[in-house]
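Okay, here's what each chain looks like letter by letter:
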Amino acid sequence: STERYRRTDSGSFQMAVMGWTNDYPSLDNTLSPLFSSTSGDNPSQYANKAVDAALASARAISDDQSRIASLQAINKVIAEDCPSAPLLYGSLLQAWDKRVTSVYVRPDTRIDMLRVTLVS
């Protein structure tokens, strides 16, 4: 409802139901939008200057392993602060005909239709 969104956007709530799906498989794709104090997608209104600085630093790391390690450390800080608690994680079942091949289900649970082929 409009009231729900107004209250969520303004932070005038004690508990709310929200959803999030990554656009691509990266921890940064969850941490930065949901927990950066400057993000418009931060419904908990979490603000931690050390986390903000660490996220900015992690984005500048070009080595994948080093960036992942940095993001995992940031994730631990956020988990200790506990600005939100996931209560439910849904699953999506998908099925297709045996004539359909090369099906790739993306991390956001959508099928990459550009890869799908149909065998006669």
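See the structure above.
Read on for a plain summary of the structure. (Residues numbered from 1 in each chain as written. Predicted model: local features only at pLDDT ≥ 70, side-chain atom pairs only at ≥ 80, totals over all residues. Heavy atoms only, no water.)

**What to know about the environment of D64**
Okay, step 1: Residue placement: D64 occurs in helix α4 (residues 64-81).
Okay, step 2: Using a relative accessible area of 44% as the deciding quantity, one classes D64 as partly exposed.
Okay, step 3: Put simply, D64 and L93 are 29 residues apart on the chain and 31 Å apart in space, counted from C-alpha to C-alpha. (Helix = DSSP H or I, 4+ residues; strand = E, 2+ residues; numbered from the N terminus. Buried < 20%, exposed > 50% of the residue type's maximum accessible area, 1.4 Å probe, protein only.)

**Some details on the packing of helix α2 (residues 28-35) against α4**
Okay, step 1: Interhelical geometry of α2 versus α4 gives an angle of 40 degrees and a closest axis separation of 10 Å. One finds that α2 runs oblique with respect to α4. Between α2 and α4 the crossing geometry is left-handed. Of α4, the residues touching α2 (which contributes D28, L31 and F35) are L71, I74, N75 and I78.
Okay, step 2: Residues of the contact of α2 with α4, tallied by class, amount to 5 nonpolar, 1 polar and 1 charged. (Axes fitted to C-alpha atoms, helices over the stretch in contact; angles between N-to-C directions. Parallel < 35°, antiparallel > 145°, perpendicular 65-115°, else oblique. Left-handed = near helix turned anticlockwise from the far one by under 90°. Contact = heavy atoms within 4.5 Å. Nonpolar A, V, L, I, M, F, W, Y, C, P; charged D, E, K, R; others polar.)

**Section: the side chain of N42**
Okay, step 1: Mapped onto the elements of the fold, N42 is located in the loop between α2 and α3 (49-59).
Okay, step 2: Residue classification places N42 among the buried positions, given a relative accessible area of 8%.
Okay, step 3: Among the polar contacts listed, one links the side chain of N42 to the backbone oxygen of S36, at a separation of 3.0 Å.
Okay, step 4: When neighbours within four sequence positions are excluded, N42 is seen to be in contact with P33, L34, F35, S36 and S37. (Polar contact = N/O pair within 3.5 Å; in protein donor to acceptor, adjacent residues only side chain to side chain.)

**A closer look at the environment of W20**
Okay, step 1: Summarising the element assignment, W20 is placed in the loop between α1 (2-10) and α2.
Okay, step 2: Classification of W20 as partly exposed rests on a relative accessible area of 34%.
Okay, step 3: With near-sequence residues (within four places) excluded, W20 lies in contact with N29, T30, P33, L34 and D41.

**Structural notes on the packing of aromatic side chains**
Okay, step 1: All chains considered together, the criterion is met by 1 aromatic pair.
Okay, step 2: Ring geometry for F35 versus Y46: centroids 5.9 Å apart, planes at 90 degrees, classification edge-to-face. One end of the pair, F35, is in helix α2; the other, Y46, is in the loop between α2 and α3, and 11 residues separate them in sequence.
Okay, step 3: A cation over an aromatic ring shows up here: R115 above the ring of Y104, its NZ or CZ 4.1 Å from the ring centre. (Phe/Tyr/Trp six-rings, centres within 6.5 Å; stacked < 30°, edge-to-face > 60°. Lys NZ or Arg CZ within 6 Å of the ring centre and 35° of its normal.)

**Quick word on α4**
Given 3.6 residues per turn, any residue in an α-helix points the same way as the ones three and four places further on.
Okay, step 1: Between the first and last C-alpha of α4 there are 26 Å, a value that for 18 residues agrees with the 26 Å anticipated at 1.5 Å per step.
Okay, step 2: Considered for burial, the residues of α4 that qualify are L71, I74 and I78. End-on, the buried residues of α4 take up no more than an arc of 60 degrees, which puts them together on one face. Along α4, the residues that are exposed and aim more than 90 degrees away from the buried face are Q65, K76, A79 and E80.
Okay, step 3: Looking at the buried positions of α4, the neighbouring elements they touch are α2 and α3.
Okay, step 4: Once α4 finishes, C82 follows within two positions and takes phi at roughly 50 degrees, a positive value. (Expected span 1.5 Å × (residues − 1). Arc of directions from axis to C-beta.)

Geometry only, nothing functional implied.
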